[in-house]
Amino acid sequence: MVFIGVRAAPMVALTAFSVGVTLAMQAAHSLKDLGAEMYVPDLVMVTLLREMGPVLIAVIVIGRSGSAVAAELGTMKVSEEIEALEVMAINPVQYLVVPRFLAMLVMLPALTIIGSYVGVFGGWAVCRFALDFNTAGYVLRALQSADTWDLYSGMIKSAVFAWIVITIACNAGLHVEGGAEGVGQATTAAVVQALLAMLVTNAVLTGIFFFSA
Amino acid sequence: MNSNGEPIIEVVDLVRKFGDRAVLKDISFNVHRGETLVIMGGSGCGKSTLLRHMIGSMKPTSGSVRIFGEEVTAMNEREIERVRRRFGMLFQSGALLASLTVGENVALPLLQHTDKFADEIEQIVKQKLKMVGLTGFEDLKPAEISGGMKKRVGLARALALDPELLFSDEPTSGLDPIMTAVVDQLTLKLTHGSHMTAVVVSHDMTSAFRIGTRMIMLGHGSIVAQGTPDEIRNSPNPEVQQFIHGEADGPIPLNLSQDEHEHHQYVKPRPFAFARYRFHHKTP
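What comes next is a walk through the structure. (Residues numbered from 1 in each chain as written. Chains lettered and ligands numbered in written order. Predicted model: local features only at pLDDT ≥ 70, side-chain atom pairs only at ≥ 80, totals over all residues. Heavy atoms only, no water.)

### Re the overall build of chain B
Part 1: Each helix and strand counted, chain B has eleven helices and ten strands in total.
Part 2: For chain B, the residues scored as buried account for 48% of the 284 residues in total.
Part 3: Accessible area of chain B: about 14,100 Å², with a carbon and sulfur share of 53%. (Helix = DSSP H or I, 4+ residues; strand = E, 2+ residues; numbered from the N terminus. Buried < 20%, exposed > 50% of the residue type's maximum accessible area, 1.4 Å probe, protein only. Areas by Shrake-Rupley, 256 points an atom, 1.4 Å probe, with all protein chains shown as cover.)

Structure follows, in structure tokens:
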């Protein structure tokens, strides 16, 4: 839990901040032509909550924790540790997978919340120092534009992503065969599969939310 | 020894095939309470496969394995777990959990399967580690101790629940002669004193003759010879004589182990193997 959640926080924050800044600058650039610069906070806020936040944080967590979980379980499989657990009448799924599953299910949404708000802070930095916004104006606009459903839909997404990522990672790790080489392959496979599955699911979920809203 | 009463382990006509190839052919034997059965044989002769069938982690193609009078081959996971709580297993590499300390590894079965309090568990862990000569190593991680030590910790863990039956896969390989004697004496003490039953897979002939009350020699997937240590020592079978004296020349074909090994597991095709071979072994 500490590994998946707490130690990933600085990296998540930095990424989210850069994305927030970039988003605000891009938005400002495009919206300026329409004379609609006042909508920059809306765009940053909603994009981060609904799309960029969950997806980006999931990408980071896949790269960091998904690969680590797959490699760790894979190494345990290769060094007979999983078999030893079974022979000691300890169910490896219960003992190894369940805690990781719960950690991921709690931590990915938590990181997503942190990431989204740091991103909004990045947007604020651009608006405050490069555009004609004052802090209160930015916060007000941002809060007005987002409703709770934006937050919830982002949270639903990141919970679903957590489930996908940890399932794929654990599955890959527990099915490793053939020594260190197998561990490497399983780790790569876990990251690639998790990324693809996460992005496709994101498209599907966005579709569902878009058409049902 | 007291070979009367119900056998602890009963293996009948065990056959295991990987594809078309039979790795175990019609293996049958019994182990009684208090006995120490030593299984010997060349690498890849099916010793480990046999052991895996006895602990229920592999299912036979046909035949039966009964442990404590219960058929393990037909059991589901939950039933096997119940049987597994009654025996301990020492893996060849020790198979310690790398993320836990030595002490936590030994405590693991106690934490999972008993309701003992923390200080009681700590006492048992200390006592078990003392038995294998590792007092004071509780707080080290497995990565910080040597291979032989890992194996002894594995033994302490296997004995944590005071099992009625102990399986060991090469308990003494990688140990120095003195430690080998210590581990052997421990096995003897437990089998004689506490009536524990032991099944030991071993290459180490000195140790095998020291602890074994009965021995089985496997070759080509079937039992080549079985009997008491004396019977094995005086066996007229030239394969047995070659094996226990460790001679290079004899009836056991040298390609045996490699041959068997290739059928044991799927070998990944290596596209550049030949080129690599050529590169490293330049022919003049």
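Here the narrative resumes, following the displayed structure.
### Section: the pattern of salt bridges
Part 1: Scanning the model with the defined rule gives 15 salt bridges over all chains in all.
Part 2: Between B:R66 and B:E10 there is a salt bridge; the shortest N-O distance is 3.7 Å. On the criterion of sequence distance, the pair formed by B:R66 in strand β4 (residues 62–67) and B:E10 in strand β1 (residues 9–18) is long-range, its members being 56 residues apart.
Part 3: Its relative accessible area of 31% is what places B:R66 among the partly exposed residues.
Part 4: Ionic contacts of the salt-bridge type, sharing partners, join the residues A:E80, A:E83 and B:R52 into one network. (Salt bridge = Lys/Arg side-chain N within 4 Å of Asp/Glu carboxyl O.)

### Overview of helix α4 (residues 118–131) of chain B
Part 1: End to end, α4(B) covers 20 Å across 14 residues, agreeing with the expected 20 Å (1.5 Å per residue, within 8%).
Part 2: B:G133 lies just past α4(B) and shows a positive phi near 75 degrees. (Expected span 1.5 Å × (residues − 1).)

### Quick notes on the packing of helix α1 (residues 9–33) of chain A against helix α4 (residues 92–130) of chain A
All names here are of chain A.
Part 1: Running from N to C, α1 and α4 point in directions that differ by 40 degrees, and their axes come no closer than 7 Å. With respect to α4, the axis of α1 lies oblique. Seen along the crossing, α1 lies across α4 with a hand that is right-handed. Two secondary-structure elements touch here, α1 through A9, V12, A13, A16, F17, G20, V21, A24 and M25 and α4 through L111, G115, V118, G119, F121, G122, G123, A125 and V126.
Part 2: Taken together, the residues of the contact of α1 with α4 sort by class into 13 nonpolar, five polar and no charged. (Axes fitted to C-alpha atoms, helices over the stretch in contact; angles between N-to-C directions. Parallel < 35°, antiparallel > 145°, perpendicular 65-115°, else oblique. Left-handed = near helix turned anticlockwise from the far one by under 90°. Contact = heavy atoms within 4.5 Å. Nonpolar A, V, L, I, M, F, W, Y, C, P; charged D, E, K, R; others polar.)

### Some thoughts on the interface of chain B and chain A
Part 1: Between chain B and chain A, the residue contacts involve 22 residues of the former and 16 residues of the latter.
Part 2: Taken together, the two surfaces of chain B and chain A that pack against each other cover about 1,600 Å², and 59% of this comes from carbon and sulfur.
Part 3: For chain B, the biggest contributors to the area lost against chain A are B:R84, B:F91 and B:L97; these three give 29% of the whole.
Part 4: We note a salt bridge from A:E83 to B:R52, for which the minimum N-O separation is 2.7 Å. (Buried area = accessible area lost by both parts, 1.4 Å probe.)

### Regarding helix α5 (residues 147–158) of chain B
Part 1: Compared with the 16 Å implied by 1.5 Å per residue over twelve residues, the 16 Å span of α5(B) between its first and last C-alpha is a close match.
Part 2: Taken across its twelve residues, α5(B) has nine buried, putting it largely inside the fold.
Part 3: Where α5(B) is concerned, the buried positions are B:G148, B:K151, B:R152, B:V153, B:G154, B:L155, B:A156, B:R157 and B:A158.
Part 4: Taken together, the buried residues of α5(B) touch α3 (81–87) of chain A together with β6 (87–90), α3 (102–113), α4, β7 (165–169) and α6 (177–193) of chain B.

### Observations concerning the side chain of B:H53
All names here are of chain B.
Part 1: Position of H53 among the secondary structure elements: in helix α1 (residues 47–54).
Part 2: Judged by its relative accessible area of 1%, H53 is buried.
Part 3: When sequence neighbours within four positions are dropped, the list of residues in contact with H53 reads L14, R16, L24, M58, K59, P60, V65 and V72.

### Considerations on the sheet that holds β6(B)
All names here are of chain B.
Part 1: Strand order in the open sheet formed by six strands is β6-β7-β8-β3-β9-β10, with mixed pairing between adjacent strands. Only two strands of the sheet have a single neighbouring strand rather than two, namely β6 and β10 (222–227). Each neighbouring strand pair of the sheet contributes to a mean axis angle of 15 degrees, computed without reference to strand direction.
Part 2: The pairing of strand β3 (residues 36–40) with strand β8 (residues 197–201) spans four bridges and is parallel. Bridging across to β8, T36 finds its partner in A198.
Part 3: Where α5 meets the sheet, its contacts fall on β6 and β7, and the angle it forms with β6 comes to roughly 175 degrees. (Pairing = 2+ DSSP bridges.)

### Description of the environment of A:A189
Part 1: When you line up the elements, A:A189 lands in helix α7 (residues 179–212).
Part 2: In sequence terms A:A189 and A:I164 are 25 residues apart; their C-alpha atoms lie 14 Å from each other.

### Some thoughts on the pairing of β4(B)
Residue and element names in this part refer to chain B.
Part 1: Sheet topology places β1 next to β4; five bridges connect them, and they run antiparallel. Across the sheet, residue I9 finds its bridge partner in β4, namely I67.
Part 2: Two elements, β4 and strand β5 (residues 70–71), share two bridges in a ladder whose sense is antiparallel. Looking at β5, one finds that R66 is bridged to E71.
Part 3: Between the end of β4 and the start of β5, which pair antiparallel, lie two residues, with F68 showing a positive phi angle near 50 degrees.

### Structural notes on the sheet that holds β5(B)
Part 1: If you trace the four strands from one edge of the open sheet to the other, you get β2-β1-β4-β5 (chain B), paired in antiparallel fashion. Where the open sheet ends on each side, the last strands, each with one partner, are β2 (21–31) and β5 of chain B.

### As for unusual backbone geometry
Part 1: Notably, B:D13 is not glycine yet its phi reads approximately 45 degrees, a positive angle.
Part 2: Relative to the elements of secondary structure, B:D13 occurs in strand β1.

### Examining the packing of aromatic side chains
Part 1: Here the structure, examined in full by the defined rule, presents four aromatic pairs over all chains.
Part 2: Summarising the aromatic geometry, the rings of A:F121 and A:W124 are spaced 5.3 Å apart at their centres and angled 20 degrees between planes, so their arrangement reads as stacked. In this pair, A:F121 and A:W124 both sit in helix α4, three residues apart, roughly one turn of the helix.
Part 3: When its relative accessible area of 46% is taken as the criterion, A:F121 is described as partly exposed.
Part 4: When the ring of B:F87 is compared with that of B:F167, the centres are 5.0 Å apart and the planes differ by 85 degrees; the resulting orientation is edge-to-face. Of this pair, B:F87 sits in strand β6 while B:F167 sits in strand β7, and the two are 80 residues apart along the sequence. Each member of the pair, B:F87 as well as B:F167, is classed as buried.
Part 5: Above the face of the B:F68 ring, B:R86 is positioned so that its terminal group lies 3.9 Å from the ring centre. (Phe/Tyr/Trp six-rings, centres within 6.5 Å; stacked < 30°, edge-to-face > 60°. Lys NZ or Arg CZ within 6 Å of the ring centre and 35° of its normal.)

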